[in-house]
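Here is how the chains run, residue by residue.
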Amino acid sequence: MTTGPTEWGECATPVRGRAGALALLLGADVAVQFGSAAAALLIPGVGVWGVLVLRLTVSAVLLLAICRPALRGHATGDWGVAGLLGLTLCAWNSCFYLAMERMPLGPTVTLELLGPLTLTLLGSRRATDPLWAVLALTGVFLLSKDGFSGLDPAGVGFALCAAALWACYILLSARTGARFRRLDGLAVAMAVAAAVSVPVGSVFGRVTLPEAGDIWLVVAVAVLSSVVPTASELIALRTIPPVVFSVLMSLAPPAAALAGLLVLGQSLSSLQWLAMALVVVACGGALLTPGPARRE
């Protein structure tokens, strides 16, 4: 059996322990923050939906070029799982953008986190897992509570759809990583997501090509907002179970708040510091609590 590109293949093997998985996810959170900044610079020229289409398309091209996934040796079910992951990626991002057009970022992210945290509650095998999920959700809610007044009903609906799709993405990403070597399955899934995003983006908004001087922004958004996070998450899911991974996803809002403090000089209230502490404690508890299985 051939090994393919050695550098990428080595990094796509399961990381060493939960500490390595946590480091990957923290790195992914940092990458997303810089990717969001690049997207903000790109949106005025190509529109929100243009960013989605360009991001997924460039991500697919990069992953296919790097991974060169083998077309043989896979069952029909393998391709089905990878295809479903791609459709879920496109639908999840589309619902998130539709929610973002109608609501502030804080409540949108909080409602979206209901998906992975509900997955923790339903799939928990340890008695302490629901505690960490509730603690994390409480922290995220406190971070964004000021933005919950007068929410648009349609925006809430899209955010809840994004929540459900996020939970599906976590499960499908874990299954894709188990069925394909390296990041082959992710490359296939991203190609499917890119193909579907073109008609979706054209229906819901404008999709225009970027100016020549903005090409670097397109690549930056694709790498930082799609390639790095999705690859890191797939690799981490080979080491930690989806229920623990779901709690760790609540690190994103505190990471954004901390970035605002350090980079933009945005002050944080005592309540916001408490909220971030709750999320950190929840994530640490989910990672470090061994505990016996609650049910088989």
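Computed from a predicted model, the values in this text were never measured in an experiment.

(A) The arrangement of the overall build of the protein in detail. When you go through the protein residue by residue, the secondary structure sums to 13 helices and zero strands. Helices and strands appear in the protein in the N-to-C order α-α-α-α-α-α-α-α-α-α-α-α-α. Here the protein displays about 13,500 Å² of accessible surface, and carbon together with sulfur accounts for 70% of that area.

(B) Region of the structure containing unusual backbone geometry. In this structure, Arg-68 takes a positive phi of about 45° despite not being glycine. Relative to the helices and strands, Arg-68 is located in the loop between helix H3 (48–67) and helix H4 (76–100). For Arg-68, a relative accessible area of 58% translates into the label exposed. With a phi close to 50°, Arg-182 is a non-glycine residue in the positive phi region. Relative to the elements of secondary structure, Arg-182 occurs in the loop between helix H8 (153–179) and helix H9 (184–204).

(C) Looking closely at the environment of Leu-172. Relative to the elements of secondary structure, Leu-172 occurs in helix H8. Its relative accessible area of 12% is what places Leu-172 among the buried residues. Look past the residues within four positions of Leu-172 in its chain and what remains in contact with it is Val-81, Leu-84, Leu-85 and Thr-88.

(D) Representation of the packing of H3 against H9. Relative to each other, H3 and H9 sit at 155°, their axes nearing to 8 Å. Relative to H9, the element H3 lies roughly antiparallel. For H3 against H9, the interelement crossing comes out left-handed. Contacts from Trp-49, Val-53, Leu-56, Thr-57, Ser-59, Ala-60, Leu-63, Leu-64 and Cys-67 of H3 reach H9 at Asp-184, Leu-186, Ala-187, Met-190, Ala-191, Ala-193, Ala-194, Ser-197, Val-198, Val-200, Gly-201 and Phe-204. Residues belonging to the contact of H3 with H9 are distributed by class as follows: 16 nonpolar, four polar and one charged.

(E) Structural view of the packing of aromatic side chains. Going through the model one piece at a time under the given rule, you end up with five aromatic pairs. Between the aromatic rings of Trp-92 and Trp-166, the centroid separation amounts to 5.4 Å while the plane-to-plane angle is 20°, which identifies the pairing as stacked. On the criterion of sequence distance, the pair formed by Trp-92 in helix H4 and Trp-166 in helix H8 is long-range, its members being 74 residues apart. In textbook terms, an aromatic cluster arises when at least three aromatic residues are bridged by ring pairs, as seen for Trp-49, Phe-96 and Tyr-97.

(F) Geometry of the pattern of salt bridges. Applying the stated criterion across every chain, the model contains two salt bridges. Among the salt bridges present, the one from Asp-78 reaches Arg-179, with a minimum N-O distance of 2.6 Å. Pair noted here: Asp-78 is in helix H4 and Arg-179 is in helix H8, with a separation of 101 residues, a long-range link. Asp-184 serves as the salt-bridge partner of Arg-182, at 3.1 Å between the closest nitrogen and oxygen. Residue Arg-182 is classed as buried on the basis of its relative accessible area of 10%. Note on Asp-184: relative accessible area 3%, which makes it buried.

(G) Region of the structure containing the environment of Leu-274. By the secondary structure assignment, Leu-274 is in helix H13 (residues 270–288). Between the alpha carbons of Leu-274 and Leu-142 there is a distance of 8.5 Å; along the sequence they are 132 residues apart.

(H) The arrangement of a nonpolar patch on the surface in detail. Together, Leu-121, Leu-122 and Val-134 give the surface a local cluster of nonpolar side chains, amounting to about 290 Å² of exposed area. Assignment of secondary structure puts Leu-121 in helix H6 (residues 114–123). Owing to a relative accessible area of 38%, Leu-121 belongs among the partly exposed residues under this scheme.

(I) Looking closely at the side chain of Thr-176. For Thr-176, the location among the structural elements is in helix H8. Within the local environment of Thr-176, its side chain forms a polar contact with the backbone oxygen of Leu-172, the two atoms lying 2.8 Å apart. Sequence-distant contacts of Thr-176, defined by excluding residues within four places in its chain, comprise Val-81, Ala-82, Leu-85, Gly-185, Leu-186 and Leu-234.

(J) Quick look at H3. For H3, built from 20 residues, the straight-helix expectation of 28 Å at 1.5 Å per residue is met to within 8% by its first-to-last C-alpha distance of 28 Å. Considered for burial, the residues of H3 that qualify are Trp-49, Gly-50, Val-51, Leu-52, Val-53, Leu-54, Arg-55, Leu-56, Ser-59, Ala-60, Leu-63 and Cys-67. Note on H3: the residue one or two positions beyond its end, Arg-68, has a positive phi of about 45°.

Criteria and thresholds
Residues numbered from 1 in each chain as written. Predicted model: local features only at pLDDT ≥ 70, side-chain atom pairs only at ≥ 80, totals over all residues. Heavy atoms only, no water. Helix = DSSP H or I, 4+ residues; strand = E, 2+ residues; numbered from the N terminus. Areas by Shrake-Rupley, 256 points an atom, 1.4 Å probe, with all protein chains shown as cover. Buried < 20%, exposed > 50% of the residue type's maximum accessible area, 1.4 Å probe, protein only. Contact = heavy atoms within 4.5 Å. Axes fitted to C-alpha atoms, helices over the stretch in contact; angles between N-to-C directions. Parallel < 35°, antiparallel > 145°, perpendicular 65-115°, else oblique. Left-handed = near helix turned anticlockwise from the far one by under 90°. Nonpolar A, V, L, I, M, F, W, Y, C, P; charged D, E, K, R; others polar. Phe/Tyr/Trp six-rings, centres within 6.5 Å; stacked < 30°, edge-to-face > 60°. Salt bridge = Lys/Arg side-chain N within 4 Å of Asp/Glu carboxyl O. Patch = residues over 30% accessible without salt bridge, like charges linked within 9 Å, V, L, I, M, F, W, Y side chains within 5 Å. Polar contact = N/O pair within 3.5 Å; in protein donor to acceptor, adjacent residues only side chain to side chain. Expected span 1.5 Å × (residues − 1).

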